[in-house]
Amino acid sequence: MVTMSQKLVSAPSAGLPASVDVAALGYASTLAVLSHFKQLMDSEGHTVDSRRMLADSSYAGDQLALGHTSPAQPLRACAMRVFALLHA
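### Section: the confidence of the model for the protein chain
Logical step 1: Averaged over the protein chain, the pLDDT score is 79; the fraction of residues at 70 or greater is 67%.
Logical step 2: When pLDDT is averaged over each helix and strand of the protein chain, the minimum, 41, is found for helix α1 (residues 4-7) and the maximum, 96, for helix α4 (residues 57-68).

### A closer look at the pattern of salt bridges
Logical step 1: Within the structure shown, the criterion is met by 2 salt bridges.
Logical step 2: A salt bridge links Lys38 to Asp42; the shortest N-O distance between them is 3.6 Å. Taken as a pair, Lys38 and Asp42 lie in helix α2 (residues 22-43) at a separation of 4 residues, close to a single helical turn.
Logical step 3: On the basis of relative accessible area, Lys38 is assigned to the partly exposed category, the value being 26%.

### Some thoughts on the side chain of Ser70
Logical step 1: Mapped onto the elements of the fold, Ser70 is located in the loop between α4 and α5 (73-86).
Logical step 2: Note on Ser70: relative accessible area 7%, which makes it buried.
Logical step 3: Within the structure, the side chain of Ser70 is placed 2.9 Å from the backbone nitrogen of Ala72, a separation counted as a polar contact.
Logical step 4: Each residue touching Ser70, except ones within four places of it in the same chain, is listed here: Glu44, Leu75 and Arg76.

What counts as what
- Residues numbered from 1 in each chain as written.
- Predicted model: local features only at pLDDT ≥ 70, side-chain atom pairs only at ≥ 80, totals over all residues.
- Heavy atoms only, no water.
- pLDDT = per-residue confidence, 0-100.
- Helix = DSSP H or I, 4+ residues; strand = E, 2+ residues; numbered from the N terminus.
- Salt bridge = Lys/Arg side-chain N within 4 Å of Asp/Glu carboxyl O.
- Buried < 20%, exposed > 50% of the residue type's maximum accessible area, 1.4 Å probe, protein only.
- Polar contact = N/O pair within 3.5 Å; in protein donor to acceptor, adjacent residues only side chain to side chain.
- Contact = heavy atoms within 4.5 Å.

Written out as structure tokens, the structure is:
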């Protein structure tokens, strides 16, 4: 079984400063970025189930694709960070 900390990538590819130790942040950092993604999606009128994002890769892919094609640049950037964190 792959744990969330094993899925994490480098800090810069996750949109974090290079000085941040992503592995040390672990699951909490993934939840923080995912929570931000959910808030941005909500502001665009899209509901996101955070637990399902972590459990269902097909659902996560659909939501990330929707976020990535948004006209809102912050949402597009956040979608890329979530993708980097979940698909290491």
